Amino acid sequence: MAKESVLALRGISKRFGAVQALTDVDLEVVAGEVIALVGDNGAGKSTLVKTIAGVHPIDEGSIEWEGRPVSITRPHDAQELGIATVYQDLALCDNLDVVANLFLGNEARHASVLDEIAMEKRAMELLDTLSIRIPSVRIPVASLSGGQRQVVAIARALIGDPKVVILDEPTAALGVEQTAQVLDLVERLRERGLAVILISHNMADVQAVADRVAVLRLGRNNGVFDVATTSHEEVIAAITGASDNAVTRRQARTEKEAAQ
Amino acid sequence: MSDTVDKERGTEDTKAGSGSAPADGADGGAGNGAADRAVDPRLLVREQGFAGYLTEFRRKVRGGELGSLPVILGLIIIAVIFQSLNENFLSAGSVSDIGVYIAGTGIMATGIVFVLLLGEIDLSVGSVAGVGAAVWAVLSVTHGLNDWLAVLIAIVAGLCIGGLHGFFFAKVGVPAFVVTLAGFLGWSGLQIWLMGQEGSINTPDGSVVEDLTGYYFEDIAAAYGLALVGVLAYAGALLVDARRRRAAKLPSRPVSEIVVRTVAMAVVAFVAAYVLNQSRGLPLALVLFLAVLVIADFGVRRTTYGRQIFAVGGNAEAARRAGINVEWVRISVFGIAGMLAAFGGLFIASLSGGATKSLGAGNTLMNVIAAAVIGGTSLFGGRGKIWSALLGILVIQSIQQGLNLLGMASEIQYMITGAVLLAAVVIDSVSRRTQKTAGRT
Ligand SMILES: Nc1ncnc2c1ncn2[C@@H]1O[C@H](COP(=O)(O)OP(=O)(O)OP(=O)(O)O)[C@@H](O)[C@H]1O
Ligand SMILES: [Mg+2]
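Residues numbered from 1 in each chain as written. Chains lettered and ligands numbered in written order. Predicted model: local features only at pLDDT ≥ 70, side-chain atom pairs only at ≥ 80, totals over all residues. Heavy atoms only, no water.

If you check an unreviewed UniProt entry, chain B appears there as Xylose transport system permease protein XylH from Streptomyces nanshensis. According to UniProt, the comment filed for chain B under the heading Function (unreviewed entry) is "Part of the binding-protein-dependent transport system for D-xylose. Probably responsible for the translocation of the substrate across the membrane." According to its UniProt record, chain B has this under Subcellular location (unreviewed entry): "Cell membrane". (UniProt positions renumbered as here; feature names shortened; annotations may be inferred.)

The name given to chain A in an unreviewed UniProt entry is Sugar ABC transporter ATP-binding protein, with Streptomyces nanshensis as the source organism.

Requested: an account of the overall build of chain B, with residues and values cited.
A count of helices and strands for chain B gives 16 helices and four strands. The buried share of chain B, reckoned over its 441 residues, is 54%. Carbon together with sulfur atoms contributes 68% to the accessible area of chain B, which is approximately 18,200 Å² in total. (Helix = DSSP H or I, 4+ residues; strand = E, 2+ residues; numbered from the N terminus. Buried < 20%, exposed > 50% of the residue type's maximum accessible area, 1.4 Å probe, protein only. Areas by Shrake-Rupley, 256 points an atom, 1.4 Å probe, with all protein chains shown as cover.)

Quick rundown of the sheet that holds strand 4 (residues 60-65) of chain A? Include the residues and the values.
Residues and elements named next belong to chain A. In spatial order, the strands read 2-1-4-5; together these four strands make up an open sheet with antiparallel pairing. Each of the sheet's edge strands pairs with one partner strand only, and the pair in question is strand 2 (19-30) and strand 5 (68-70). Neighbouring strand axes in the sheet, compared pairwise and without regard to direction, differ in orientation by 25° on average. The sheet contact formed by strand 1 (residues 5-16) and strand 4 spans five bridges and is antiparallel. In the sheet register, A8 faces strand 4, and the bridge partner there is E64. (Pairing = 2+ DSSP bridges. Axes fitted to C-alpha atoms, helices over the stretch in contact; angles between N-to-C directions.)

Can you lay out helix 4 (residues 125-142) of chain B for me, pointing to particular residues and giving the numbers?
Residue and element names in this part refer to chain B. Taking 1.5 Å per residue as the helical rise, helix 4 with its 18 residues ought to reach 26 Å, and the 24 Å between its terminal C-alpha atoms agrees with that figure. For helix 4, the tally of buried residues reaches 15 of 18 residues, placing the bulk of the element in the interior. Following helix 4 by one or two positions, G144 has its phi on the positive side, about 65°. (Expected span 1.5 Å × (residues − 1).)

A description of the packing of helix 11 (residues 304-314) of chain B against helix 13 (residues 326-352) of chain B should follow, citing residues and the corresponding values.
To describe two helices that pack against each other, one gives the angle between their axes and the distance between the axes. Residue and element names in this part refer to chain B. As a packed pair, helix 11 and helix 13 sit with axes 10 Å apart at the nearest point and diverge in direction by 105°. Comparing the axis directions of helix 11 and helix 13 gives the class roughly perpendicular. Mapping the contact onto sequence places Y305, Q308, I309 and V312 in helix 11 and V326, V329, R330, S332, V333 and I336 in helix 13. Among the residues making up the contact of helix 11 with helix 13, the classes are represented as seven nonpolar, two polar and one charged. (Parallel < 35°, antiparallel > 145°, perpendicular 65-115°, else oblique. Contact = heavy atoms within 4.5 Å. Nonpolar A, V, L, I, M, F, W, Y, C, P; charged D, E, K, R; others polar.)

Describe the coordination of the magnesium ion (ligand 2), listing the residues and the values that go with them.
Taken together, S46(A) (OG) and Q88(A) (OE1) make up the protein donors of the magnesium ion (ligand 2), found 1.9 to 2.1 Å from the metal. Placement of the pair is S46(A) in helix 1 (residues 45-53) and Q88(A) in the loop between strand 6 (83-86) and helix 3 (98-102), with a sequence separation of 42 residues. (Donors = N, O, S within 2.8 Å, 3.2 Å for Na, K, Ca; no water.)

How would you summarise a nonpolar patch on the surface if you had to cite specific residues and measurements?
Residues and elements named next belong to chain B. Among the surface-exposed residues, I72, L73, I76, I77, V80, I81, L85, L406, M408, I412, M415 and I416 lie close enough to one another that they form a single nonpolar patch of about 1,000 Å² accessible area. Where the nonpolar patch is concerned, the elements lending two or more residues are helix 2 (69-85) and helix 16 (410-437). No other element matches helix 2, which puts seven residues into the nonpolar patch. I412 sits in the partly exposed class, given a relative accessible area of 31%. (Patch = residues over 30% accessible without salt bridge, like charges linked within 9 Å, V, L, I, M, F, W, Y side chains within 5 Å. Salt bridge = Lys/Arg side-chain N within 4 Å of Asp/Glu carboxyl O.)

How would you summarise the site of ligand 1 if you had to cite specific residues and measurements?
Residues and elements named next belong to chain A. The environment of ligand 1 is made up of 14 residues, and the closest members are G42, K45, S46, T47 and H201. Between an oxygen atom of ligand 1 and a side-chain N or O atom of N41, the distance comes to 2.9 Å. In isolation ligand 1 exposes 640 Å². Once the protein is present, 64% of that is buried. Those elements that provide at least two residues to the shell around ligand 1 are strand 2 and helix 1. Top contributing element to the shell around ligand 1 by residue count: helix 1, with three residues. Taken together, the residues of the shell around ligand 1 break down into four nonpolar, seven polar and three charged. (Near = heavy atom within 4 Å. Polar contact = N/O pair within 3.5 Å; in protein donor to acceptor, adjacent residues only side chain to side chain.)

Tell me about the confidence of the model for chain B, and name the residues and values.
Residues and elements named next belong to chain B. Scored by pLDDT, chain B has a mean of 84; 84% of the residues are at 70 or more. Counting contacts from residues 1-39, a segment whose pLDDT is below 50, to residues more than four positions away or on other chains yields 155 contacts. Both scores are given for the predicted complex: the pTM is 0.86, the ipTM 0.86. (pLDDT = per-residue confidence, 0-100.)

Shown next, in the form of structure tokens:
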């Protein structure tokens, strides 16, 4: 690939007790590109994302950031590198208000005194760009609807200046308009030169915004496809494993073509 | 919670009264900047001005957001009942005594509020208070160490003990309940061992610890001056905040609210100052307690560290994923609780004339925890205010004072204090349930 990768995973394995959640997974994330990560339920997508985010340290394999090997053992490490993550389970503090959640771990402050006004202002602007109506940015997130919570979680990832944004099923709970907004947002992030990892079960969304699709199946890589040149059916076949052979054949073919 | 009359910009929704979000200054009345923003038509828009205030207030109460209302009502009822039974209850001397007696346990309760905000409990504070007093007495009186240094070492000992509890809880993963229960036994053992054969060490005349509860600023200017400074600082903070928010085009408190708050604060402060001046003047103990409260409140509401405490108490995993060092927050909070326990223990030693083998034993622990809970801090973590330590300990101390004046035996006091604690927890649970049905958690 011509463009250099910001983040590269090589041979990642992760075990949870008796469950081998990830086996020897590779992934390249390129700046200015949206890579979709798809796979059936339990394929290991969220686990992969959590290893990148430092929630679960990897058992084996290596992570490279802008070409040099790094170790990500805790969420703080990932943040330092510039990885922002929206988790599938949102990870919000119900007792804190919207502003506090948005800026958690990244507060605007003078010395260590919080600058509530700067944060509130920024929060309003951010939520406006996502065109979400929240009764007040000062209510605890516990009293928000599921979709509103999801937008707060997404907005959280845009605070600070990330280089890689990971969205784990960001549109699962969203309405038609908000979904479109999030897809717009993903495109805007790409235009700004950020790398985006998008996990989604919605093939239409993937087709709409992603440049490449990486398929995980039972915790293993099952092919990386170019969205422009791959049909819906091929991706779905890779996800379900119905035509493993076709995928491998295809990969072999493209690799051969590339080599020529 | 003193924010029962909090207002929110043009909405029905307000910060959950019983102190969820630590952010202050967030709520505003008439939405200046909100006018041009898309507003959900289903939201009930608050009427402008003072009438809107009362509507909003009634709505909150019905929604189960009682804030400090029950405690303040409780204090008034306590005052009325005891005053009608014994006219000395509200006498200057009696009120002044309450002001001194609340300091030690109140400071310990402040530490407990920190721990409760984390969603944990510290059962060892009574024993740690005993160890603090014993360390000071042995070093200063028996070994003749410099008094100030001995006080400092006692407080640092409390900090280390609390930090040790936090270590076992955060790093080793032992439930805080068990760690501090072990501490409760172990540290009272250390206390008895330190006190040795004597069993008690009297506070020498003129020592620092004697002054803790024995010193009064007799000049009437002291009490009035402190009241004035407090009120001006409070009003100033509100005004500056409102101006900055208006400048940033954010909803801000209306002037009417600032005036009401300032007047309420001024009435309380100056009446208290007047009554204290009728007796022996402004007690040093009360000044120190208020200082602890102000510092702790600032730390909890206005700093990143305080925000981290609320986050860990609300959802530790989310806090961890946000890059917060959860273990450090836990260890340090237990350290603070231990430090304030030891500091409070010195006040108790000062009141009772010295350190003893049994200082901090008995119902000290229960009173301290009860104070934090009665004041409105949730037992379930992430919700509460530092000032609940003051309100709660006032309730408990007032009851004790009143029953003492009536000459009631301590067993009756235990039963009544127990009933008040139960009432407070019932109010907390019921209001939480009402909040749930009203769309809050
Ligand atoms: N914390 C954990 N402890 C034990 N096993 C886990 C844990 N997290 C994930 N797993 C296991 O790892 C496997 C992959 O889970 P993961 O959450 O990554 O799937 P996913 O691809 O995100 O699925 P979905 O599309 O449903 O979100 C599953 O078999 C799951 O049971
Ligand atoms: Mg998942």
